[in-house]
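Structure at a glance
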Amino acid sequence: MATENNPISFAVYAKDYVPVPPKDAQVLTTACEYCTVACGYKVYRWPVGKEGGVRAGDNALKADLPAGGVMVPWASPSQHNVVRYQGKPHHVLVIPDFAATVVNPGGDHSIRGGTLAQKCYNPENRTSERLLYPMMRVRGTLMPVSWDLATEAMADISKYVLEKYGEHAWGIKMYSYQYFENTYAITKLGMTSIGTPSIAPHDKCSNTNDATGLDDAGVDSFAASYEDWGMAEVCFFSGVDPYETKTTLFTEWIMHGKTPDKKCIFVTPHMTTGVAWGVKNGGIWLPIIPGTDTILHNALARVIIENKWQDQEFIDKWIANSWEVDSGYGRGTRNTGWQWRTTWGTWQSDWGDYQKFILGRDEHKLENAAKITGCKAEDIRRAAELIAKPRPNGARPKTSFMLEKGNYWSNNYMNTTSLSALGLICGAGNRPGRMISRGGGHQRGMVSAGGGPWWMDPEKYPGRRKKSFNLDRWMVDGKLKFAWVFGTTWFAAMMASQELQDAAFRMTRANPHQIGSLDRKAIFETLKARVDSGGMVFVDSDIYPVEPLGTQIADIVLPAATWGEEDFTRCNSERRLRLYSKFYDPPGEAKPDWWAVQKFAHKMGFSSYDWKNSNDVFEEAARFSRGGVLNYHPLAVKAKEMGVKGHELLRTYGTTGIQTPIRVRDGELVGTQRLHDPTNNWGEMEAAEVQSPFMHAFSTHSGKAILLKSPWDFPGWIQFYEAVKPRTAKGEIWVTNGRINETWQSGFDDLRKPYLAQRWPYPMLIVNPADATKRGVESGDFVQVYNDTVYVQTGQPQGVLDADLNFNNLMKEGHIKTTTGQFVAVAIVSDEMREGVAMANFNYPQAPANSVCHAVPDPVTNNYRYKLGRGVLTKVGESPYKKSFTSMSLKPRNII
């Protein structure tokens, strides 16, 4: 055991040993780095060579050890690490806040959060692979350079590109979640100082909204609180299993909450663990054929309307009539995609028109819908009964509707419009336990500086209305000359992944003009010659080398400081704002992205980038949050009145934080539990408060929600869908993608954590037994997935007529080309998948599942349809995991 006189290194500790924090250990609060739930955590930090005792009075946990009972303070080896703090080695324990009363009451947490300490840099484990210094690629090899030289070289070529090729040629691909301080700095640089429209977030080809149909209906995507899911009597989950992706939300609020015996309906082709639990407890699994959710929603609405189960009282009060719809959508200059979508006719309706639409189309009839969706007619009818049928006493079921990527990443606009309409006629949207909301993927870390010149976007919707900028297509077409990538894999995360990667390689490493020395002038001349010869320059900011962007392609690689290495802030999916405390030194010369942006801005000669610390960025960004659902401006104002920093005031809120939009009442800061709730209407405003109507009404001109139609035969959808369906003559099946509980995103941390790396050492592909048998595939086999016809949209088509952006017209006009895509994964054969559909890891670096998906965005919203891949499955051999019991369990996920 370590003592003050006998310090020992981290490497000496056995894996089953956790040092006890002494009673004078420093304690800081933070939240989980990973999923959207953001469980609250405490960090215990103390110098190596010191340790506490097992009695409650002798340790910082204030508990007798070993701990007994459930959810009392304890720590596992995965929650311990040794880090550097102020240059000296310190122990850290990162454990859930067992005193938490919100988010993760009693210290509930996921396996991902339970290994947070293993994320911290330690040169004695695989986190030693962290990027430590700025690097520049010289003769093909990345070499360490100074921050000055790196940013000077970036500024030199940036000035040239902007002068010769214009703002469009200078782009940013960025995360939308990695803390307010960073996203504000990045968008200030790109949108305001550079003034480029060439910016796209990590999960989209353009700067669009995810659930656009909800937006147009007047429903905010993150309106609900976690308590609403706990209060619901019925939960309708569209394209999501919260257990796998939002674990504590499921285990704490959905399985329990105020209504623990709730019924859950899951719409997904994959029976994951949460789905299996729901079915066992009286719920329903609707194993839908990918892309057909719109038909299911409308069939459910038809059953409800035919039986008069709709919430008529709610509809009469909260659904806009034709005049109220038109008052918002019939005015002003119609020069945006939003205004094109919301033209009266194809989509908008009132209650009377919506009923005619639902009852007047054959595909909404139960038997027809069952054939299209692949769901049993009796299950569809029972689902309608659960979500809408009044009880014998006349009481209506409290139903909440959650959607995620399985919904809006297949048929973006129509799936989200049809789900919003279904929820609204059931009386959901603005009441406790009756909400319509996204479950969330990443946390909500975007505060945009705004000011982007979107009027410069070259693409147009029909009628020549502005369309969001497609950064992927701009790069592939050779129009992008400089790209700064922040914390994203870009290629693997986007559609037709290999096409994107090939284009980037062709314009960088395959270009004859390669940096040959570290002379600043020579670097500029080389990069100038490259961009003038059809090439481009890549800069990649990240915490680890990203394959292939950072390892093979980028000219300059910058080391970023991350969670635990800087004071940061952001919200979770119930808009709860907290401080993520710094508790150890970033490795080497790694710096937070806001600092790198500031360094570059100074080299460019831009003013107003004089931040001394992350709090300065936080306070500057506050005013840009005003009027939005993440408004924290009143907190920054309150801090100034108190004479303290905004970060320090937020620190006092601990793991509880405060829900945005923040308001002021009687001089005190007050959070907002749910949006659109009429009880939020206080009337008066105080101090820095912004009284936005969406707090107490729906986000429309009238304050009433809008019912949206979703015609299945809309040409912008059905032509594409018919083209991308699996071709049975070729033996293809649907190949979708998804997440699993044990890993997060691309596995950038998890692949470096011993237990999780052992659990999933290689990407998997879950295959139905019938599909596997036909192809001679068994669990543990290596399987190639190959698509010989991946559609890729090219050029910048201009919309004049409605048909101009339909798939068939794009093909006819030469705006669709074909390429191929493939990846290899380890098969898991299980009846948890519906027949005809296989599921691959989402964004796994060794197997880019998106390579078999089509880079043709939804023409209505410009969002990709990631879930609609297809391919031929071929066994290529046995993996080492087929007969091994030491790693990669091949057991099914529908075991409970």
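Residues numbered from 1 in each chain as written. Predicted model: local features only at pLDDT ≥ 70, side-chain atom pairs only at ≥ 80, totals over all residues. Heavy atoms only, no water.

Moving on, we come to the overall build of the protein. What the protein contains, in helices and strands, is 28 helices and 31 strands. Relative to the 2.2 N^0.38 estimate, which gives 29 Å for 896 residues, the radius of gyration of the protein is 27 Å and therefore close to what a compact globule would have. Considering only C-alpha atoms, the protein reaches an extent of 80 × 70 × 65 Å along its principal axes. Looking at the protein as a whole, 64% of its 896 residues are labelled buried. Long-range pairs, those at least 24 residues apart, make up 76% of the contacts in the protein between residues at least 6 apart in sequence. Taken as a whole, the protein presents about 30400 Å² of accessible surface, with 52% of it coming from carbon and sulfur. Between the mean site of the 101 positive side-chain charges and the mean site of the 95 negative ones, the protein shows a separation of 1 Å. (Helix = DSSP H or I, 4+ residues; strand = E, 2+ residues; numbered from the N terminus. Rg over C-alpha atoms; globule rule 2.2 N^0.38 Å. Buried < 20%, exposed > 50% of the residue type's maximum accessible area, 1.4 Å probe, protein only. Contact = heavy atoms within 4.5 Å. Areas by Shrake-Rupley, 256 points an atom, 1.4 Å probe, with all protein chains shown as cover. Lys, Arg positive; Asp, Glu negative; His and termini not counted. Charge placed at Lys NZ, Arg CZ, Asp CG, Glu CD.)

Listing the buried residues of helix H18 (residues 497-507) in full gives Ser497, Glu499, Leu500, Ala503, Ala504 and Met507. Those residues of H18 that are buried lie in contact with helix H17 (471-476), helix H19 (520-532), strand S18 (537-542), helix H20 (549-553), strand S28 (781-793) and strand S29 (816-829).

A few words now on the pairing of strand S10 (residues 263-267). Where burial is concerned, most of S10 is hidden: four out of the five residues are buried. Inspection of the sheet shows strand S9 (residues 234-238) paired to S10 by five bridges, in the parallel sense. Bridging from a neighbouring strand, phenylalanine 236 pairs with isoleucine 265 of S10. In terms of strand pairing, S10 meets strand S11 (residues 284-286) through three bridges, oriented parallel. Bridge assignment links valine 267 to a residue of S11, and that residue is leucine 286. (Pairing = 2+ DSSP bridges.)

What follows concerns the sheet that holds strand S2 (residues 40-47). As summarised here, the arrangement of the four strands in space is S1-S2-S4-S3, forming an open sheet in which the pairing is antiparallel. Since the sheet does not close on itself, it has two edges, and those belong to strand S1 (26-31) and strand S3 (80-85), each with one partner. Each neighbouring strand pair of the sheet contributes to a mean axis angle of 35°, computed without reference to strand direction. (Axes fitted to C-alpha atoms, helices over the stretch in contact; angles between N-to-C directions.)

Further remarks concern the environment of aspartate 457. Looking at where aspartate 457 falls in the secondary structure, it is placed in the loop between strand S14 (436-438) and strand S15 (460-461). Distance from aspartate 457 to lysine 42, taken between C-alpha atoms, is 45 Å for residues 415 residues apart in sequence. Once residues within four sequence positions are removed from consideration, aspartate 457 is found in contact with Pro197, Lys466, Lys467, Ser468 and Phe469.

We now examine the packing of helix H13 (residues 366-373) against helix H14 (residues 377-388). Helix packing geometry: the angle between the two helix axes and the distance between the axes. Where H13 meets H14, the axes come as close as 9 Å, and the angle between the chain directions of the two elements is 110°. Taken together, the axis directions place H13 and H14 in an arrangement best described as roughly perpendicular. Read as a crossing pair, H13 and H14 show a hand that is right-handed. For the pair H13 and H14, contact is made by Leu366, Ala370 and Thr373 and by Ala377, Ile380 and Arg381, respectively. The class makeup of the residues in the contact of H13 with H14 is four nonpolar, one polar and one charged. (Parallel < 35°, antiparallel > 145°, perpendicular 65-115°, else oblique. Left-handed = near helix turned anticlockwise from the far one by under 90°. Nonpolar A, V, L, I, M, F, W, Y, C, P; charged D, E, K, R; others polar.)

Bringing the packing of helix H8 (residues 293-306) against H13 into the picture now. Direction vectors running N to C along H8 and H13 enclose 160°, while the axes themselves pass 9 Å from each other. Of the possible angle classes, the one that applies to H8 and H13 is roughly antiparallel. Helix-helix and strand crossings are classified by hand; for H8 and H13 the assignment is left-handed. Here Ile295, Leu296, Ala299 and Val303 of H8 come into contact with H13, specifically with Leu366, Ala369, Ile372 and Thr373. Partitioning the contact of H8 with H13 into residue classes produces seven nonpolar, one polar and no charged.

Turning next to the pattern of salt bridges. A complete count under the given rule lists 55 salt bridges for this structure. Here lysine 50 ties to aspartate 24 by a salt bridge, and the two come within 2.5 Å at their closest N and O atoms. Of this pair, lysine 50 sits in the loop between S2 and S3 while aspartate 24 sits in the segment before S1, placing them 26 residues apart in sequence. Among the charged side chains, a network of salt bridges with common partners joins Asp148, Glu152, Asp156, Arg520, Lys599 and Lys603. (Salt bridge = Lys/Arg side-chain N within 4 Å of Asp/Glu carboxyl O.)

Glancing now at the nonpolar core. Formed by 128 residues in total, the largest nonpolar core has its most connected members in Tyr354, Ile387, Met475, Trp490 and Phe538. In terms of residue count, the dominant contributor to this core is H8 (eight residues). If we skip the residues at most four places from it in the chain, methionine 475 touches Leu480, Trp490, Phe491, Leu500, Ala503, Ala504, Met507 and Met536. (Core = buried A, V, L, I, M, F, W, Y, C linked by side-chain atoms within 4.5 Å.)

On to the domain arrangement of the protein. The assigned domain composition of the protein is domain 1 (26-120), domain 2 (135-203 + 445-564), domain 3 (212-438), domain 4 (626-672 + 682-687) and domain 5 (715-882). Each of domain 2 and domain 5 has a C-alpha centre, and these two points are 26 Å apart. Across the contact, 26 residues belong to domain 2 and 37 residues belong to domain 5. Across the interface of domain 2 and domain 5, roughly 2800 Å² is buried in total on both sides, 49% from carbon and sulfur atoms. Three residues, Arg473, Met495 and Gln498, lead the burial of domain 2 against domain 5; their summed loss comes to 25% of the area buried on that side. Between the two partners, domain 2 and domain 5, sit one salt bridge. A salt bridge links glutamate 499 to lysine 817, with the nearest nitrogen and oxygen atoms 2.4 Å apart. Our enumeration of links across domain 2 and domain 5 arrives at 14 residue pairs in polar contact (both at pLDDT 80 or more). Put simply, the parts of the chain that give the side of domain 2 that touches domain 5 at least two residues each are S15, H17 and H18. Residues belonging to the side of domain 2 that touches domain 5 are distributed by class as follows: eleven nonpolar, six polar and nine charged. (Domains from an automatic or database assignment. Buried area = accessible area lost by both parts, 1.4 Å probe. Polar contact = N/O pair within 3.5 Å; in protein donor to acceptor, adjacent residues only side chain to side chain.)

Moving on, we come to the sheet that holds S28. Pairing is mixed in the closed barrel, where six strands are placed in the order S26-S30-S27-S29-S28-S31. Here the strands of the sheet are splayed against their neighbours by 45° on average, with no regard to which way each runs. In this sheet, strand S31 (residues 869-878) lies alongside S28 in antiparallel orientation, the contact comprising six bridges. Note that in S31 the partner of phenylalanine 782 across the bridge is glycine 877. Strands S28 and S29 of the sheet are contacted by H18, whose axis makes an angle of about 120° with S29.

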